[in-house]
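Single-letter residue listing:
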Amino acid sequence: MDLTAPAIAIRDLNKFYGTFHALCGLSLTVRKGERVVVCGPSGSGKSTMIRCINQLEEHDSGEIRVFGTLLDDNLASIDAVRREVGMVFQHFNLFPHMTVLENCTLAPILVRKTPRAVAEALALKFLEKVRILDQASKFPGQLSGGQQQRVAIARALCMQPEILLFDEPTSALDPEMIAEVLDVMVTLANEGMTMICVTHEMGFARKVADRVIFMDKGEIVEEAAPAAFFEAPRNERTRLFLSEVLAH
Amino acid sequence: MPMPAAPLWRSRTTRSLLLQGGFALALLAAIVAATLTARANLSAQGMTSGFDFLWTSTGWEMNFTLLPAAPTDPYWWFLLLGLLNTLLMGLIGLGGASVIGLIVGLMRSGRNPAARFLATLYIELFRNLPLILQLFFWYALANALPNPRAALDLGPALLSSRGIYLPGLAVPYGAAIVIAAILLLGLALAIRVLAARRFARMEPVPRRVLALSLVLLAILASAAIALATHPPGTGWLSLPQPRGLRIDGGIRVQPEFACLAIAIMTYGGAYVGEIVRGGFKAVGRGQLEAARALGLSPWQVFSRVRLPLAFRAMLPILINQYVWLIKATTLGIAVGFSDFFMVIASSITHSGQTLELIGILMGGFLVVNFSLAAVLNRLNRAIALKGHNTGGAA
Amino acid sequence: MTALPAAPALTPPARRFRRLRRDYFGSPASALMTLASLGILLGLGWWLMNWALLDATFSAAATQAECVQAGGACWSVIAARWRVILFGIYPYDEQWRPSFACAVVAGIILLSCLPRMWSFRRLALTWGLGAAGFYILMRGGILGLSVVNEQQWGGLPLTLFIFVATAVAGMPLAILLALMRRSELPVVARVTGWIIDTIRSLPLLSILFTFAIVVPFMLPGFLIGEKLYRVICGAALFFAAYQAEIIRGGFQGIPRGQDEAAKALGLPYWQRMSRVLLPQAFRLALPATINQFVVAFMETSLVVVVGFIDLLAAGNTAYKTGEWKFAYVEVYAFVAAIYFLFVFGLSRYGAYLEARMNAGHRKE
Ligand SMILES: Nc1ncnc2c1ncn2[C@@H]1O[C@H](COP(=O)(O)OP(=O)(O)OP(=O)(O)O)[C@@H](O)[C@H]1O
Ligand SMILES: [Mg+2]
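Residues numbered from 1 in each chain as written. Chains lettered and ligands numbered in written order. Predicted model: local features only at pLDDT ≥ 70, side-chain atom pairs only at ≥ 80, totals over all residues. Heavy atoms only, no water.

## Things to note about the overall build of chain C
Just so we agree on the cut-off: In DSSP terms, a helix is any run of H or I states spanning at least four residues, a strand is any run of E spanning at least two, and both are numbered starting from the N terminus. Within these notes, the globule rule equals 2.2 Å times the number of residues to the 0.38 power, and the radius of gyration is based on C-alpha atoms. Here's how the labels work: a residue is buried when its accessible area is under 20% of the maximum for its type, exposed when over 50%, partly exposed in between, all with a 1.4 Å probe on protein chains only. Two residues qualify as a contact provided that any one of their heavy atoms is within 4.5 Å of a heavy atom in the partner residue. Accessible surface is estimated by sampling points in the Shrake-Rupley manner with a 1.4 Å probe; for residues, cover comes only from the protein chains shown. His is not counted here, nor are the chain ends, while Lys and Arg score as positive and Asp and Glu score as negative. To locate a charge, take NZ of a lysine, CZ of an arginine, CG of an aspartate or CD of a glutamate.
Of regular secondary structure, chain C possesses 14 helices and 0 strands. Ordered by position in the sequence, the α and β elements of chain C form the string α-α-α-α-α-α-α-α-α-α-α-α-α-α. Relative to its length of 364 residues, chain C is extended, with a C-alpha radius of gyration of 27 Å against a globular reference of 21 Å. By its C-alpha atoms, chain C is 95 × 75 × 35 Å across when sized along the principal axes. Relative to its full complement of 364 residues, chain C shows a buried share of 48%. Taking contacts inside chain C between residues at least 6 apart in sequence as the whole, the part at least 24 apart equals 67%. When the accessible surface of chain C is split by element, carbon and sulfur atoms take 68% of a total near 18500 Å². In chain C, 31 side chains carry a positive charge and 18 a negative one; their mean positions are 11 Å apart.

## Digging into the sheet that holds strand E5 (residues 69–70) of chain A
All names here are of chain A. The line we're drawing: Paired strands, as defined in this entry, are two strands with at least two bridges between them according to DSSP.
A sheet is described by the order of its strands in space; here 4 strands give the open sequence E2-E1-E4-E5, paired in antiparallel fashion. In this open sheet, the two edge strands, each paired with only one partner strand, are strand E2 (20–30) and E5. Relative to E5, strand E4 (residues 61–66) runs antiparallel, the two being bridged by 2 bridges. Bridge pairing links Arg65 to Leu70 in E5.

## Digging into the site of ligand 1
Residue and element names in this part refer to chain A. Applied cut-off: In this text, near means that some heavy atom of the residue lies within 4 Å of the molecule or strand in question. Side-chain atoms alone can form a polar contact between residues adjacent in sequence; in general such a contact is a pair of N or O atoms within 3.5 Å, and within protein one must be able to donate a hydrogen while the other accepts it.
Every residue near ligand 1 is listed here: Tyr17, Phe20, Ala22, Pro41, Ser42, Gly43, Ser44, Gly45, Lys46, Ser47, Thr48 and Glu168. Within the backbone of Gly43, a nitrogen or oxygen atom sits 2.8 Å from an oxygen atom of ligand 1. Contact between ligand 1 and Gly45: an oxygen atom at 3.0 Å from a main-chain N or O atom of the residue. When ligand 1 sits alone it has 630 Å² of accessible area, and the protein chains cover 61% of it. At the level of elements, E2 and helix H1 (46–53) are the ones that each hand at least two residues to the shell around ligand 1.

## Describing the domain arrangement of chain C
For an interface, size is often stated in terms of accessible area lost upon the parts coming together. All names here are of chain C. Quick reminder of the rule: Here the bounds of each domain stem from an automatic or database domain assignment. Accessible area that two parts lose when put together, evaluated with a 1.4 Å probe and summed over both, is termed the buried area.
Looking at the assigned domains, one finds that chain C contains domain 1 (72–90 + 151–363) and domain 2 (95–147). On a C-alpha basis, the centroid separation for the pair domain 1 and domain 2 is 17 Å. Each partner contributes to the interface: domain 1 provides 22 residues, whereas domain 2 provides 20 residues. Summed over both sides, the interface of domain 1 with domain 2 buries roughly 1900 Å², with 80% coming from carbon and sulfur. The tally of links from domain 1 across to domain 2 stands at 2 residue pairs in polar contact (both at pLDDT 80 or more).

## Digging into the packing of aromatic side chains
Under the convention used in this document: Pairing of aromatic side chains here covers Phe, Tyr and the six-membered ring of Trp, requires ring centres within 6.5 Å, and sorts the geometry by plane angle: under 30 degrees stacked, over 60 edge-to-face, intermediate tilted.
Overall, the coordinates contain 30 aromatic pairs over all chains when judged by the stated rule. Residues Phe137(B) and Tyr332(C) carry aromatic rings whose centres are separated by 6.3 Å and whose planes lie at 85° to one another, so their mutual orientation is edge-to-face. Taken as a pair, Phe137(B) in helix H4 (residues 131–143) and Tyr332(C) in helix H14 (residues 328–363) lie in two separate chains rather than in one. Note on Phe137(B): relative accessible area 23%, which makes it partly exposed. Among the residues examined, Tyr332(C) registers a relative accessible area of 4% and is labelled buried.

## As for the sheet that holds strand E8 (residues 194–198) of chain A
Residues and elements named next belong to chain A. The cut-off we apply is this: Note on geometry: axes are C-alpha line fits, over the in-contact stretch for helices, and angles between N-to-C directions span 0 to 180 degrees.
Read across the sheet, 6 strands follow the order E6-E7-E8-E3-E9-E10 without closing on themselves; strand pairing throughout is mixed. A single partner strand is all that each edge strand has here, and the edge strands are strand E6 (85–88) and strand E10 (219–224). Across this sheet, the average inter-strand angle for adjacent strands is 20°, counted without regard to direction. The pairing of strand E3 (residues 35–39) with strand E9 (residues 211–216) spans 4 bridges and is classified as parallel. Bridge pairing links Val37 to Val212 in E9.

## Considerations on the interface of chain B and chain C
Rules: Between Lys or Arg on one side and Asp or Glu on the other, a salt bridge is scored when a side-chain nitrogen of the former is within 4 Å of a carboxyl oxygen of the latter. Residue polarity is assigned by list, with Asp, Glu, Lys and Arg as charged and Ala, Val, Leu, Ile, Met, Phe, Trp, Tyr, Cys and Pro as nonpolar; anything else, Gly included, falls into the polar class.
Contacts between chain B and chain C engage 55 residues on the former and 58 residues on the latter. Summing both sides of the interface, chain B and chain C together bury roughly 4800 Å²; the carbon and sulfur share of this comes to 76%. Considering only the surface of chain B that becomes buried against chain C, Gln20(B), Phe23(B) and Asn128(B) emerge as the three largest contributors, covering 12% of it. Here chain B is connected to chain C by 1 salt bridge. Note that Glu124(B) is salt-bridged to Arg348(C), the shortest N-O span being 3.4 Å. Applying the counting criterion to the chain B and chain C interface returns 8 residue pairs in polar contact (both at pLDDT 80 or more). At the level of secondary structure, the elements contributing two or more residues to the side of chain B that touches chain C comprise helix H1 (12–44), helix H3 (113–127), H4, helix H7 (255–282), helix H9 (298–328), helix H10 (332–335), helix H11 (340–351) and helix H12 (354–383) of chain B. Per-element tally for the side of chain B that touches chain C: the top contributor is H1(B), with 10 residues. Split by residue class, the side of chain B that touches chain C holds 40 nonpolar, 11 polar and 4 charged.

## A closer look at the UniProt feature "transmembrane region" (unreviewed entry) in chain C
Residue and element names in this part refer to chain C. Condition: UniProt positions are given in the numbering used here, feature names are shortened, and annotations may be inferred rather than shown by experiment.
Here the UniProt feature "transmembrane region" (unreviewed entry) sits at residues 24–49, 96–114, 126–148, 160–180, 201–222, 228–247, 293–314 and 326–347. Secondary structure within residues 24–49 divides into 92% helix and 0% strand; the distance between the first and last C-alpha atoms comes to 26 Å. Strand forms 0% of residues 201–222 and helix 73%; the C-alpha atoms that close the span are 31 Å apart.

## Topic: the state of the cysteines
As a reminder of what qualifies: We call a pair of cysteine sulfur atoms a disulfide when they lie within 2.5 Å.
Applying the stated criterion across every chain yields a total of 0 disulfides over all chains. The thiol of Cys52(A) is not disulfide-bonded; the next cysteine sulfur, from Cys24(A), is found 12 Å away. Using a relative accessible area of 0% as the deciding quantity, one classes Cys52(A) as buried. Unpaired in terms of disulfides, Cys102(C) finds its nearest cysteine sulfur in Cys113(C), a separation of 17 Å.

Listed below in structure tokens is the structure:
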């Protein structure tokens, strides 16, 4: 891990599902501390791309480097990358058989070998940060969707990752819960966390993103700072997409 | 619109009372009638009813007992021994079925196609043939084994038509039972320390030390008992030795016992294997991905997330399967293993106290199965996912 | 960013090869497992082929010595004894009747597997008529057929008869028990619950035993009847207790709104049940129901213990008497193949239905 290298460097990435070409020669570089928002129509490969970054999906060709570490067949490099890259899922994916606190301390204790007491203190700190400290001893099934998602963010933070990946973190939530999750994400962004965030929350993108990326059919179609992206989209497909999303 | 007061037979309350009263009365009448007929029929044959026969001696022998028994012993002792045999067979059968089931279930839900195919073959073969057919087959096989004089030599063990002879510890029988009980207890306590939520807040290392010392303690206690009871001046291991038409020494496992145990283990293993596979299939992909994204190793993903969630998914079905397997021990009668049911059947032939003995049979199975289900259901409730509505098994 | 050498693109065959390598030899443990599994499979297959085909003896006239010399399976026992195994002690000259009877049962089972037959009326009609046809063929006494008593029935037709009769008698009872357990009348629901739970925790063998030997004491003379029918009653009761719980499980899967909507429409109890709830409950419970049929079919073999010569017992007599004592493996293999055909076919069909239903649900 070389913290001076670009946080993420993807070059010419290709991914097939059977014969279906899901990512077509995609390239993307993200600097440390940068906040990137990815949007695009359903099925355009957004999830596939960020799942390749922590190798939940194996890519077929091209290269992905995370802080200079090349992701290939070497299992050690995959482990190293996963330690530094946190992920927040659309459906939270909390472990239903563990309490909120155990969810948060599991990986630090097992993977980082943090002593339990330290891991718990850290977890409580992050749970407080996502404003859910009072629920620490509950089980995920006893929480609302918004609360669960905030726990999921805290769980990812407990590994003290360098990069956080978000895959549509708010799209399974009711409107009043979206705000509480976005609040937490804005706080994180303002603290300088490197983030790649797949979302259709355009307000969030405008507020915190350094760069907005529009994907379609497995390619990056447009890539610009938020102001330029929203005011003057250059590509026809982007314009169509924006008009649809913003119409609501 | 004003309604006229409902006539009595149209009112909801009366009708519900009438229906329930009628139902209860009909049931009661059937039971009373059956009892009276049975009384009349039995007294016509000159039989007395009641449970006094339990204290008379049986006059016949049981072919397999855990504790000493003689034809002069009373019926209640034989029945108790039969129940013990059923429990022992149930314990061995359930344990073996669970181990086999876990192995084939894991093989079936793994990635390796060759292993998956082998496990599928096993499951489909053993699950789709009647248990009693498999039992008959094993028994015919056991009877076709050579006689003790030409027993098959499997290293320290001997295989003959008189049974399997295993090497044993040279201590008196009573001491052996106490040792087995102590070892089981130590192991159970250790597992509890490792698994129970109550100890979850201990650091992993002292927890393991505690568990290990429990096992060591049990081993030490057993060794002490063995030392105290071992007849001095003889070898520590009792190996089976062919002596003409007999085999001396070692532990003899009756062919009837071995065949029933093998049949229940292999048949039950196929069913448990399917249940295990179903449990693993029920674990959401999301949880596994989240665990991997956190950087857990494959073994950690399996032991911390996949297995615990799968176990919760399979436990309710497993409970029913276990009750079923306990009931399957009654097949002992088909090959002549003295389980509870066979002792009851023999008692009926010899004493003629049909109704009483059938009552005892049903009572025995109700108690065993309800307690097994109660314990497992408690476990199920204890580990059930909080905040999810999952019902327990019946 | 410095220029990095691009990883070579993989062609689809190369990817397939990589996947194969990962699946079979992904780790040392996996490789070991592959080798062990393949070894076992090939060894078993090789041995089975030699034993059952290449080295086997097929002629009905072969003796034990000839069989032993050939070294493989001695199918001669089947060639010589198949009639005994299939039909037991049914009169030899009349054995065309049980053959037809078996065909009738196979026919109704196949018919019931067609989705277009899935209405109460059609199923009840098929199974009722099928059972009646079977009975007439086997028992005779009319249409110029000579009478063959139940005591002379045996082999495969007896197994099939017990199965069909158990299902025909058990299914209505199961529905009744399920409805009673769900009843709004607390006494009825509670007591039925006890009855079902009690029966379910008893071994089937003890129930068969009770019905064969004990029940006659409790019944007035005119109700005692043939032992075969009493045993079938016991089996049906046991079947019904299990099936009732399966149906109840199906009921629990129906959204509450269904019953409420039916009530709001003013449908009386029986119509609510027969038109709205039971069809949905059965649909949801279909895979479990088929599984229950499979189990019931296998459990017919327990009647051996109370003294009937069903398929399994007939197999026992075929090798235990006379010169075939050594050929038990072949006889059990033959009997097992017949059971396997029924049971495996039925359970595959159940799995297929389940997959189809799941696919249907996902589309909705
Ligand atoms: N496991 C899979 N097997 C086969 N095809 C898949 C798989 N996962 C995704 N795909 C296909 O790959 C394409 C990209 O999927 P992806 O999930 O990345 O889209 P997305 O942009 O995240 O869409 P959404 O906004 O709906 O989440 C889709 O067309 C999808 O059908
Ligand atoms: Mg997606």
